[in-house]
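Coordinates in review
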Amino acid sequence: MQQCLIYNNSLRFSRATYGVLLLIAVLIHNQWLVLAVAVLTILGAFSLKLNIPYQFHVLIFKKKSNPTPKELGELNFVAAATGLLLLVGFALIYFNKFVDFAWVYLLIVDLMIFLACFVGFCVATLMYIFLKNCLAKLIYNQRNH
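Overview of the structure. (Residues numbered from 1 in each chain as written. Predicted model: local features only at pLDDT ≥ 70, side-chain atom pairs only at ≥ 80, totals over all residues. Heavy atoms only, no water.)

The final tally for this structure, using the stated rule, is two salt bridges. For K70, the salt bridge is made with E74, and the minimal N-O distance between the two is 3.7 Å. Residue classification places K70 among the partly exposed positions, given a relative accessible area of 23%. By relative accessible area, E74 is classed as buried at 13%. K132 is paired through a salt bridge with E71; the nearest N and O atoms lie 3.0 Å apart. Highlighted residues: K132 in helix α6 (residues 123-143) and E71 in strand β2 (residues 68-71), separated in sequence by 61 residues. The buried category is assigned to E71, whose relative accessible area is 12%. (Salt bridge = Lys/Arg side-chain N within 4 Å of Asp/Glu carboxyl O. Buried < 20%, exposed > 50% of the residue type's maximum accessible area, 1.4 Å probe, protein only. Helix = DSSP H or I, 4+ residues; strand = E, 2+ residues; numbered from the N terminus.)

On inspection of all chains with the given rule, the structure shows eight aromatic pairs. On the basis of an interplanar angle of 15° and a centroid distance of 5.8 Å, the ring pair of F114 and F118 is categorised as stacked. One end of the pair is F114 and the other is F118, both in helix α5 (residues 99-119) and four residues apart, which spans about a single turn. The class for F114 is buried, based on a relative accessible area of 17%. With relative accessibility at 61%, the residue F118 sits in the exposed group. Members of the aromatic cluster, each reached through a chain of ring pairs, are W32, F90, Y94 and F95. (Phe/Tyr/Trp six-rings, centres within 6.5 Å; stacked < 30°, edge-to-face > 60°.)

Take the packing of helix α1 (residues 8-28) against helix α2 (residues 31-46) next. Between α1 and α2, the shortest axis-to-axis distance is 8 Å and the interhelical angle comes to 160°. Judged on the interaxial angle alone, α2 and α1 are roughly antiparallel. When you trace α1 past α2, the crossing you get is left-handed. On α2, the residues touching Y18, L21, L22, I24 and A25 of α1 are L33, V34, V37, L40 and T41. Across the contact of α1 with α2, the residue classes tally to nine nonpolar, one polar and no charged. (Axes fitted to C-alpha atoms, helices over the stretch in contact; angles between N-to-C directions. Parallel < 35°, antiparallel > 145°, perpendicular 65-115°, else oblique. Left-handed = near helix turned anticlockwise from the far one by under 90°. Contact = heavy atoms within 4.5 Å. Nonpolar A, V, L, I, M, F, W, Y, C, P; charged D, E, K, R; others polar.)

Structure representation (structure tokens):
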């Protein structure tokens, strides 16, 4: 898979920024802020250059840390999955379906963002690895039959 160089501190800053914005959105019940965070997160799935908080942090602190290689597909999958989860929460609130559940759901998504940010445990990364391994086994089995 294609690798890219990533600044881990900048990635953590980006996740923390999205987490704080989402927490503010949940606390003040602002569905439009949820949508804004979802759109910003999804933009980061298309290109790391579109991840605004990441690029801001890199611009300021680039010389203080060394980049590490990371799989580009993993970064894109994590950003897209997070954005999709946020869009689901926004849609539930916007269409007035299970609104109380949607705010709790968004709070759980926010907790997962903070977990990835501060602890380094990302559920979306685990999903990516699992799906990648399942796909690899499927392709391997089809080639050998």
